[in-house]
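# Chain and residue survey
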Amino acid sequence: MRHLLILLGIAISLNSCSGDKSNRIVDNLIGTWTLDSISTPSGGFFANKDSKTLIFKNKTDYSYEWWNGDVGNTFTGKFFILDNPKRGLKTLTCIPDIQISGKDTIRIKYMNLDIVDLQKNRLILINETKWIDRDSLPSLIFNEVQIYKRKNTNQRGKRTSLLK
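Reference entry: report on the structure contained in this document. Quick caveat, the model's predicted, so the values are computed rather than measured.

According to the stated counting rule, one finds two aromatic pairs in the structure shown. Judged by centre distance (4.8 Å) and plane angle (65 degrees), the rings of Phe56 and Phe79 are edge-to-face. Here Phe56, found in strand S3 (residues 51-56), pairs with Phe79, found in strand S5 (residues 71-83); they are 23 residues apart in sequence, far enough to count as distant. A residue is classified by how much of its surface remains accessible, and Phe56, at 1% relative accessible area, is buried. Between the aromatic rings of Tyr64 and Phe75, the centroid separation amounts to 6.5 Å while the plane-to-plane angle is 10 degrees, which identifies the pairing as stacked. Taken together, the residues Tyr64 in strand S4 (residues 61-68) and Phe75 in strand S5 connect sequence positions 11 residues apart.

Here the focus is the pairing of strand S6 (residues 90-96). For S6, the buried fraction is high: six of the seven residues fall into the buried class. Summarising the sheet, S5 and S6 pair through seven bridges and their orientation is antiparallel. The partner of Ile81 across the bridge, within S6, is Leu92. Connecting the antiparallel pair S5 and S6 is a turn made up of six residues, with Gly88 showing a positive phi of about 85 degrees. Where S6 lies against strand S9 (residues 111-118), five bridges are found, and the strand directions are antiparallel. Along S9, the bridge assignment pairs Thr91 with Asp114.

Cut-offs applied
- Residues numbered from 1 in each chain as written.
- Predicted model: local features only at pLDDT ≥ 70, side-chain atom pairs only at ≥ 80, totals over all residues.
- Heavy atoms only, no water.
- Phe/Tyr/Trp six-rings, centres within 6.5 Å; stacked < 30°, edge-to-face > 60°.
- Helix = DSSP H or I, 4+ residues; strand = E, 2+ residues; numbered from the N terminus.
- Buried < 20%, exposed > 50% of the residue type's maximum accessible area, 1.4 Å probe, protein only.
- Pairing = 2+ DSSP bridges.

Here is the structure:
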């Protein structure tokens, strides 16, 4: 029984340390982030031509807005940070609210984004792996890198990572 209590105490300690890191990351995410540029399958980057904005309102609520010309939408929901040591990166998971329109229930796709870097004014995320089919060629495996910049901030500082 004593050994079980000791193991339980160790497990609680490890979880609370991991939770503290995630809480610090969440605190640093709160604010409005606009998509600045994204990677291409060829390895280059290009400036974002349509508008995408991630807004972390507090420690659990988010809003995702996108516009491409006169077409766009806004999704709201809950988010959390998963710290899985086997992945090597912390994963930001955004789960949108279910939308009900008349008799239809609309389930918007979850967003799972790995956090590569988080600074005061810059957030780098990697999107889920995509397979791009090509005629008579093997599919391309592609992980889109998204670079967001913090909007409406007067903070200037060193390029210090806020992930730690």
